[in-house]
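A structural walkthrough
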Amino acid sequence: MITARRKTGLIFFPAYDWEISPSHPERQERLLYTQDQVMEEGVLDIDGISEFKAGLATEKDICRPHFCVPDVESRITPSHSVSAGGCIEAARLVLDGTVDNAFALVRPPGHHAMRVVHGARGFCNINIEAVMIEWVRKHYPHIRKIAVVDTDCHHGDGTQDVYWHDPNVLYISLHQDGRTLYPGSGFPEEFGGPNALGKNLNIPLPPRTSDEGILHVMEHFVMPVLKDFEPDLIINSAGQDNHYSDPITNMSFTAGGYARLNEILAPDICVLEGGYSIEAALPYVNTGIILALAGVDYSYIREPDLDPERIREDPRVIDYIRNLTDDLLDLWSRREHFERPQEEFFRRSRNIFYDTDGISENQHEVVRVCTECPGAYRIDSSASTGYHVLAIHIPWGACSRCREQGLAWFEKPDRKNYYAVYLQDMDNDEYSVKIL
Amino acid sequence: MIIGIDIGGTHTDAVCVDGRNITATAKTVTGDDLVHTIRDAIEALAIDFSKISRTVLSTTLSTNSIIEKKYAPAGMIVSAGPGIDPRRYFFTDDFHLVEGAIDHRGREYIPIRADEVARVAGILKKKGVDGVGIVSKFSVRNPSHEIAIHSIINSEFEHVSLGHTLSGGLNFPRRIHTTFFNTAVMPVQKRFVHSVRKALAELGIRSPLLFLKADGGTFSDSAADRHPVETILSGPAASMMGGLALCRDPQTTTLMLDIGGTTTDIGVLIGGVPILEPKGVDIGGLKTLVRGLKVMSVGAGGDSCVRVSGSEILVGPDRDGPPACMGGPSPTPMDALAVLGQFTKGDRQKAVQAVTPIAGRLGQDLSDVCRRIISILVDNIKKSACAFIDEVNRHPVYTIYEMLHPEIVEPGQLMAIGGPAAQLKPHLEESFGMRCTVPEHAMVANALGAALARTTRQITLTADTQLRRMICPELGIDEQIPASMALSDLRRRGERELRDNADRLGISAQGEISVLEEQVFNIVRGFSTTGRNMRLKLQTKPGVIEEWSAL
């Protein structure tokens, strides 16, 4: 009998009856072989590792981080409620002290879903980590600072977007360089909104980066940053498409490397994101992550076809990563000294493409530059679906001026032709919509 | 006529059933020689032995030999490959790890080395070990390594068990434990089966001999020879099956309570079928793949010790001895019942003497204290029953359909058997707020459960149309299939195999077959489907034989 050093909760929800399409990477049997491996290894019989049932996220849970257009019901399927609900259960287990840490091994994933949701992007409809984080902030107000370390091979542009203006949620993403992979974003200069400068950190890695490179970033950048930030809760968005066998990416991470990453990071909660090498990677990576979380020896976990020499990085790749890490650490150390915009309102406009659903969206965003609180903001969003909406966010701990500004935006929209105006009032946990 | 015998720790019960009638019952003391005890119990039934159509035994033999570690030394030859270090599951020096690895789809990626296996077998042989268990990881997806190891060592050992034949379930550590226990108890079980057969023959009984298993089903004596590990924990299974046999309304979800002196066993019957442990039962502190009923045992019974702590009364979880009214050392719930005039067998005066000091210390009226003691006992049982039901309902589900349409288990009635059941019935009804039935033959429910249980067996079929391979570990089937095989073909094939192999599986060929699980998944390469991965679990349905339930 093996005893775990830490109590670990597993929420396993493979959604065996949900797929985007039968041959799509995000399909029914994605976690089948993972389940086989975890069962055969007897992982759930290890004293201290327990499996728990997923839950269902409510409409309100989804409205906290998202403006779903036209409404929540039309943007999700029940599978998304369960996947986000699984994350909520994982957080509940940890924060109630039932377990020391938890792994939401759920699907569908969520890290490409942004604050405004017109459809699905990168296989994601709603951001399951964000639904969980906002649920945590509502129900456990003592959790003030949260860090999300996203190790999926793709840049988590959705999570970056949801927390762009939030100084209390630190988002760190390690991903394959956006010049070589979807979604094409995630560069160091994407550093956070004017009220949250330095709270968004991107580490784009060259294709074929393997264990040494990724673990170097963890030890020499992510851990020092976390030490400075002092988060109350650490989340790993544990996408597994950085594996050497993944069919849609070009990195060379291993199951053993992933287990070591989680041993170093020691997250409170892991959430599965992408990862489409369903036979050759996921069974081993997931087993490794669970063991690392529980503090059980994972050193014998290895892929059947692993050849460390074949996937080892070129020394130039390691040099590049060392330099990048040093530069980023320097940037981080100067985060307090960046100049904020002088004007009261800061504006940005951008175009967002929903690859999964083929929708394009135009956003005009206005944020109140504020030294008292994270700042209220409004997003004017029009999509190729025909919906043109105004979305207003009044943040947690909003100061009175930001609250007044947010309410004014909501009460008196600047134009009449919006389909609807939405309001997120976080402190009052109120999510309103006015159809015009 | 069917004879059912339940050999308990202290008493052995026997019952004779003819159609829907219990024609004889007997109770004897369990002696050191179990074969003698069985003989005594059958003789005590005083029936015409020539009319017996079968004899079913529920014994503690394998359970006790495992718990008391009274088994023959057995060696293990295990191949694993990468994964959790299998040596963590080794608990004697006779466990040997050899090379060889198979992946989750049953593909070999490290072969077995015959010279290494032969060397290990030599070491075991030299130590005088007669039994060997053979286990490889993922052998239920590809048994070839276990079979290869067996063929290398074949003639050298008397008792051999292969992991894949014992269960089709995935779980390598449990497969190691199950195979070890099976091998270790094999000699003692073989001897026992042989002696019982001989004793029955001497009595003129030549009809089939069956054994009750942990899952509340039975199998033939020859199957029990090969798979003795399945007879563990048949005691609780016997009581659940007895309760089921005596239940008048089995279609209502029933909470079964077997209330003994020391403990109460709690189980649930849904639609006339008891629920199973999803992964397998635990024994001797280890987890196995043995299919068994889900039963919770709590330290609350008629003889539970009653104590005072401050202003609290504590009942159980231990037992000091019999109730004071039956000559025991300390007050018990039975004494409280005796004081209230609800239990009349014992000496009421002794009960009063035992409970009075408690009433004195609490400054309460004697009969009030007695009512309190009983309600605490009933509450303890209820709390555990609620936790048990809660655990059943917390079982994770893996599909959206099940998530949105949860099947909540909610008992609608109680069924209580065991010594104090009749006296506690009104108190249970009040506390649980539902009807409680205490059946007429509750005293021999266990023996009755053994007599009336159907034969059961489960088989697992996995078909991979891309690898063109079908496996049924329990039957040792590993064969090529056409790429066109569909789930319905696999189901038909499984049903045929269950019937054709009834003898080998130790079951009745007439049993009703039911599907426990079936799943089919696409296998995709690139962006096109290249095959199907199908999984099927079939069983002969557990329950009470039709001759009894149909009438």
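Residues numbered from 1 in each chain as written. Chains lettered and ligands numbered in written order. Predicted model: local features only at pLDDT ≥ 70, side-chain atom pairs only at ≥ 80, totals over all residues.

Quick look at the overall build of chain B
What counts here: To qualify as a helix, a DSSP run of H or I must reach at least 4 residues; to qualify as a strand, a run of E must reach at least 2; elements of each kind are numbered from the N terminus. For the radius of gyration, the atoms used are the C-alpha atoms, and the globule rule reads 2.2 Å times the number of residues raised to 0.38. Exposure classification rests on a simple neighbour count of other C-beta atoms within 10 Å of a residue's own: a residue reaching 20 or more is buried, one at 12 or fewer is exposed, and one in between is partly exposed. C-beta atoms are placed from the backbone. A pair of residues counts as a contact when their C-beta atoms, built from backbone coordinates, are separated by no more than 7 Å.
Counting secondary structure elements, chain B contains 17 helices and 27 strands. Computed over the C-alpha atoms, the radius of gyration of chain B is 26 Å, within 12% of the 24 Å expected from 2.2 N^0.38 for a compact globule of 551 residues. On the principal axes, the C-alpha backbone points of chain B span a range of 80 × 60 × 50 Å. Burial statistics for chain B: of 551 residues in total, 50% are counted as buried. In chain B, once contacts between residues fewer than 6 apart in sequence are set aside, the share between residues at least 24 apart is 65%.

Describing the overall build of chain A
Tallying secondary structure elements over chain A gives 12 helices and 16 strands in all. For 436 residues, the compact-globule formula gives about 22 Å, and the C-alpha radius of gyration of chain A, at 21 Å, lands near that figure. In terms of principal-axis extent, the alpha carbons of chain A reach across some 65 × 45 × 40 Å. The burial tally for chain A puts 58% of its 436 residues in the buried class. Sequence separation of 24 or more characterises 73% of the internal contacts of chain A that already satisfy a separation of 6 or more.

Things to note about the interface of chain A and chain B
What counts here: Each residue receives one of three labels: charged for Asp, Glu, Lys and Arg, nonpolar for Ala, Val, Leu, Ile, Met, Phe, Trp, Tyr, Cys and Pro, and polar for the others, Gly being one of them.
Counting residues at the interface gives 37 residues for chain A and 35 residues for chain B. Per element, the largest residue contribution to the side of chain A that touches chain B is six residues, and it comes from helix α1 (residues 32-40) of chain A. Here the side of chain A that touches chain B is composed, by residue class, of 20 nonpolar, five polar and 12 charged.

Remarks on unusual backbone geometry
Residue and element names in this part refer to chain A. That bond from R107 to P108 is cis: its omega, 0°, falls within 30 degrees of zero. With respect to the element layout, P108 can be found in the loop between β4 (101-106) and β5 (116-117). Positive phi, normally seen in glycine, also occurs at A266, with a value near 45°. Residue placement: A266 occurs in the loop between α8 (255-265) and β10 (269-272).

Some thoughts on the domain arrangement of chain A
Residues and elements named next belong to chain A. Rules: For the domain bounds, the source is a domain assignment made automatically or taken from a database.
For chain A, the assigned domains read domain 1 (3-335) and domain 2 (345-435). The straight-line distance from the C-alpha centre of domain 1 to that of domain 2 is 27 Å. Counting residues at the interface gives 23 residues for domain 1 and 29 residues for domain 2. Secondary-structure elements contributing two or more residues to the side of domain 1 that touches domain 2 are α2 (59-63) and α5 (128-139). Within the side of domain 1 that touches domain 2, the residues separate by chemical class into 11 nonpolar, seven polar and five charged.

Digging into the domain arrangement of chain B
The domains assigned to chain B are domain 1 (74-178) and domain 2 (458-549). Domain 1 of chain B puts 11 residues into the contact, and the matching count from domain 2 of chain B is 11 residues.

Some thoughts on the nonpolar core
Heads up, the condition is: Nonpolar cores are identified as sets of buried Ala, Val, Leu, Ile, Met, Phe, Trp, Tyr and Cys residues joined via C-beta atoms within 7 Å.
One finds I5(B), V132(B), M241(B), I373(B), A416(B), A450(B) and A451(B) to be the most contacted residues of the largest nonpolar core, which totals 137 residues. Sequence-distant contacts of A451(B), defined by excluding residues within four places in its chain, comprise I2(B), I3(B), G4(B), V15(B), V17(B) and V56(B). L174(A), A259(A), A280(A) and A292(A) belong to the second largest nonpolar core, which has 132 residues in total.

A short note on the pairing of strand β9 (residues 233-238) of chain A
Residues and elements named next belong to chain A. The condition is simple: At least two DSSP bridges between two strands are required for those strands to pair.
Burial within β9 is extensive, with six of its six residues counted as buried. Here β9 shows two buried faces, one formed by L233, I235 and S237 and the other by I234, N236 and A238. Pairing of strand β6 (residues 146-150) with β9 involves five bridges; the strand directions are parallel. Within β9, the residue paired with V148 across the bridge is I235. Of the strand pairs in this sheet, β9 and β10 are connected by four bridges, and their pairing is parallel. Note that in β10 the partner of A238 across the bridge is L272.

Notes on helix α14 (residues 445-452) of chain B
Counted residue by residue, α14(B) has eight buried out of eight residues, so it is predominantly covered. Where α14(B) is concerned, the buried positions are A445(B), N446(B), A447(B), L448(B), G449(B), A450(B), A451(B) and L452(B).

Remarks on the pairing of strand β11 (residues 209-212) of chain B
In regular strands, side chains alternate between the two faces of the sheet. Residue and element names in this part refer to chain B. Where strand β4 (residues 54-58) meets β11, three bridges bridge the pair, whose relative direction is parallel. Its bridge partner lying in β11, L57 is registered against F211. Judged from the three bridges that link them, β11 and strand β12 (residues 218-220) form a sheet pairing that is antiparallel. Each bridged residue has a counterpart across the sheet, and for L212 the counterpart in β12 is T218. Between the antiparallel neighbours β11 and β12 lie five residues, among them G216 with a positive phi of about 80°.

A closer look at the environment of A223(B)
Residues and elements named next belong to chain B. Within the secondary structure, A223 sits in helix α7 (residues 221-226). Given 22 C-beta atoms within 10 Å, A223 falls into the buried group. Between the C-alpha atom of A223 and that of G4, which follows or precedes it by 219 residues, the distance is 18 Å. Excluding its chain neighbours within four sequence positions, the residues that come into contact with A223 are L505 and G506.

As for the sheet that holds β9(A)
Residues and elements named next belong to chain A. Quick note on the threshold: Each axis is a line fitted through C-alpha atoms, taken for helices only over the stretch in contact, and angles between the N-to-C directions span 0 to 180 degrees.
The strand order β2-β1-β4-β10-β9-β6-β7-β8 describes an open sheet built from eight strands, whose pairing is parallel. Each edge of the open sheet carries a strand with a single partner, namely β2 (47-52) and β8 (200-205). With direction set aside, neighbouring strand axes in the sheet form an average angle of 15°. With five bridges joining them, strand β1 (residues 3-13) and β2 adopt parallel strand pairing. For L10, the partnering residue across the bridge sits in β2 and is E51. Its contacts with the sheet put α5 on β6, β7 (169-176), β9 and β10, and the angle it makes with β9 is roughly 165°. Strands in contact with helix α7 (residues 211-229) are β6, β7, β8 and β9; relative to β7, the strand with the most contacts, it is inclined by about 170°.

Structural notes on the sheet that holds strand β27 (residues 528-540) of chain B
Note: strands within a sheet are paired through backbone hydrogen bonds, in either parallel or antiparallel orientation. All names here are of chain B. In space, the five strands of this open sheet follow the order β25-β24-β23-β27-β26, with antiparallel pairing throughout. Since the sheet does not close on itself, it has two edges, and those belong to β25 (477-480) and β26 (513-525), each with one partner. Going across the sheet, the axis of each strand differs from the next one's by a mean of 10°, ignoring polarity. Summarising the sheet, strand β23 (residues 458-464) and β27 pair through seven bridges and their orientation is antiparallel. By the bridge assignment, I459 is partnered in β27 with L538. Contacts from helix α15 (residues 487-500) reach β23, β24 (469-472), β26 and β27, with the element oriented near 30° to β27.

Let's talk about the packing of helix α11 (residues 366-393) of chain B against helix α13 (residues 421-432) of chain B
Any two packed helices are characterised by the angle at which their axes cross and by the distance between the axes. All names here are of chain B. What counts here: Should an angle fall under 35 degrees it is taken as roughly parallel, and over 145 as roughly antiparallel, whereas 65 to 115 is taken as roughly perpendicular and any remaining angle as oblique. Helix crossings get a hand from a simple test, with the near helix turned counterclockwise from the far one by less than a right angle marking a left-handed crossing and a clockwise turn marking a right-handed one.
The interhelical angle for the contact between α11 and α13, taken along N-to-C directions, is 60°, at an axis separation of 10 Å. Taken together, the axes of α11 and α13 lie oblique to each other. Here α11 and α13 pass one another in a crossing that is right-handed. Within the contact between the two elements, α11 uses I374, S375, V378, D379 and K382 and α13 uses L424, H427, L428, S431 and F432. A class-by-class count of the residues in the contact of α11 with α13 yields five nonpolar, three polar and two charged.

Regarding the packing of helix α1 (residues 34-44) of chain B against helix α6 (residues 172-202) of chain B
Residues and elements named next belong to chain B. It is at 10 Å that the axes of α1 and α6 come closest, and there the two elements cross at 30°. Classed by the angle they form, the pair α1 and α6 counts as roughly parallel. The interaxial crossing formed by α1 with α6 has right-handed handedness. Each of L34, V35, I38 and R39 in α1 lies in contact with α6, whose residues at this interface are F192, S195, V196 and A199.

Some words on the environment of P278(B)
Residues and elements named next belong to chain B. Mapped onto the secondary structure, P278 falls in the loop between β15 (273-274) and β16 (282-283). Residue classification places P278 among the exposed positions, given that 11 C-beta atoms sit within 10 Å. Residues P278 and R291 lie 13 residues apart in sequence; the distance between their C-alpha atoms is 8.0 Å.

As for the environment of G128(B)
Of note, G128(B) is situated in the loop between α3 (114-126) and β9 (131-136). Between the alpha carbons of G128(B) and L490(B) there is a distance of 44 Å; along the sequence they are 362 residues apart.

Considerations on the confidence of the model for chain B
Residue and element names in this part refer to chain B. Inclusion rule: Across the chain, each position has a pLDDT score giving the predictor's confidence in that residue, from 0 to 100.
Overall, the prediction assigns chain B a mean pLDDT of 93, with 100% of residues at 70 or greater. Helix α17 (residues 546-549) is the least confidently modelled element of chain B, averaging 82 in pLDDT, while strand β6 (residues 95-98) averages 98, the highest of any element. For this predicted complex, the interface score ipTM comes out at 0.94, alongside a pTM of 0.94.

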